[in-house]
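Each chain, letter by letter, is given below.
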Amino acid sequence: MHTQEQVLSTLRVEDTGVPIYVQLREQFLRAMGAGVLKPGDQMPTMRQVAVAFRIDLNTVRRAYDELERLGALSLVRGRGSFVAEPPAPLEGRARDEAADNLARQTLAQAAALGVEPGLLIERIAALAAAKEEVP
């Protein structure tokens, strides 16, 4: 199965109160983190995603625009959207500030979902350990 079709088959849009563009953005980021989408892979077109889920094209565009703003996607006019190469690792103070900001965002999101910080720490550690074990 082609990567674009694989990704589309794993996406879910649910009526949870979370905006659809946020659901799409987070699912694409998870697919990138899990290696389902690799740097250089072409993303499904915005139109493919909109048609597959019967959602407005502007909703999909907003998710893709946010992914581009985050540096996860490169939009190439006339060619499509591609998974971007990961940035070079940060060092020193910039690394610490980025980690602190990410931790604050993650803790805030966990609190909004009712997830205890201790459980979140355990799950992050387990996921990181599992990722290191994969060759």
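Residues numbered from 1 in each chain as written. Predicted model: local features only at pLDDT ≥ 70, side-chain atom pairs only at ≥ 80, totals over all residues. Heavy atoms only, no water.

Asker: Can you help me understand unusual backbone geometry in this one?
Answerer: It is generally the case that most residues other than glycine have a negative phi and that most peptide bonds are trans. Not every positive phi belongs to a glycine, and Arg 54 is a case in point at roughly 55 degrees. For Arg 54, the position within the fold is in the loop between helix H3 (46-53) and helix H4 (57-69). (Helix = DSSP H or I, 4+ residues; strand = E, 2+ residues; numbered from the N terminus.)

Asker: Help me out: how do you make sense of the nonpolar core in this one?
Answerer: In a soluble, globular protein the nonpolar side chains are often hidden away together inside. Counting residues in each nonpolar core, the largest one holds 22 residues, and the members touching the most others are Leu 24, Phe 28, Met 32, Leu 37, Met 43, Val 60 and Tyr 64. Where this core is concerned, the elements lending two or more residues are helix H1 (3-10), helix H2 (20-33), H3 and H4. Considering each element in turn, this core owes the most residues, six residues, to H2. (Core = buried A, V, L, I, M, F, W, Y, C linked by side-chain atoms within 4.5 Å. Buried < 20%, exposed > 50% of the residue type's maximum accessible area, 1.4 Å probe, protein only.)

Asker: Please clarify how the pairing of strand S1 (residues 73-76) should be interpreted in this entry.
Answerer: Every regular strand shows the same layout, with side chains that alternate between the two sheet faces. Here four bridges tie S1 to strand S2 (residues 80-83), and the two strands are oriented antiparallel to one another. The partner of Leu 75 across the bridge, within S2, is Ser 81. In sequence, S1 turns back onto S2 through a hairpin of three residues, with Gly 78 there showing a positive phi of about 85 degrees. (Pairing = 2+ DSSP bridges.)

Asker: Even after reading the chapter, I still don't get the packing of aromatic side chains, so can you show me in this structure?
Answerer: The geometry of an aromatic ring pair comes down to the distance between the two centres and the angle between the two planes. Scanning the model with the defined rule gives one aromatic pair in all. Both rings, one in Phe 28 and one in Tyr 64, keep their centres 5.6 Å apart while their planes meet at 85 degrees; by these two values the pair is edge-to-face. Of the two residues, Phe 28 is situated in helix H2 and Tyr 64 in helix H4; the sequence distance between them amounts to 36 residues. Here Phe 28 and Tyr 64 have matching classes, each one buried. Directly above the aromatic system of Tyr 21 lies the positively charged group of Arg 62, at a separation of 3.9 Å from the ring centroid. (Phe/Tyr/Trp six-rings, centres within 6.5 Å; stacked < 30°, edge-to-face > 60°. Lys NZ or Arg CZ within 6 Å of the ring centre and 35° of its normal.)

Asker: Help me out: how do you make sense of the confidence of the model for the protein chain in this one?
Answerer: On average, residues of the protein chain score 87 in pLDDT, and 94% of them reach the 70 mark or higher. Mean pLDDT across the secondary structure elements of the protein chain bottoms out at H1, with 74, and peaks at H4, with 95. (pLDDT = per-residue confidence, 0-100.)

Asker: Quick question: what am I supposed to make of the environment of Arg 79 here?
Answerer: Structurally, Arg 79 is set in the loop between S1 and S2. Assessed through its relative accessible area of 57%, Arg 79 is described here as exposed. Considered as a pair, Arg 79 and Thr 45 are 34 residues apart in the sequence and their alpha carbons are 9.8 Å apart.

Asker: Help me understand the pattern of salt bridges in this model?
Answerer: Close approach of charged atoms allows side chains of opposite charge to pair. Counted by the stated rule, this structure contains five salt bridges. Its salt-bridge partner being Glu 26, residue Arg 25 comes within 2.8 Å of it at the nearest N-O pair. Of the residues examined, Arg 25 reaches a relative accessible area of 16% and is grouped as buried. Residue Glu 26 is classed as partly exposed on the basis of its relative accessible area, which comes to 23%. Where Asp 96 meets Arg 95, a salt bridge forms, and the shortest distance between an N and an O atom there is 3.5 Å. On the basis of relative accessibility, which here comes to 44%, the residue Arg 95 falls in the partly exposed class. Taken together, the shared-partner salt bridges in this structure form one network comprising Arg 25, Glu 26, Glu 66 and Arg 69. (Salt bridge = Lys/Arg side-chain N within 4 Å of Asp/Glu carboxyl O.)

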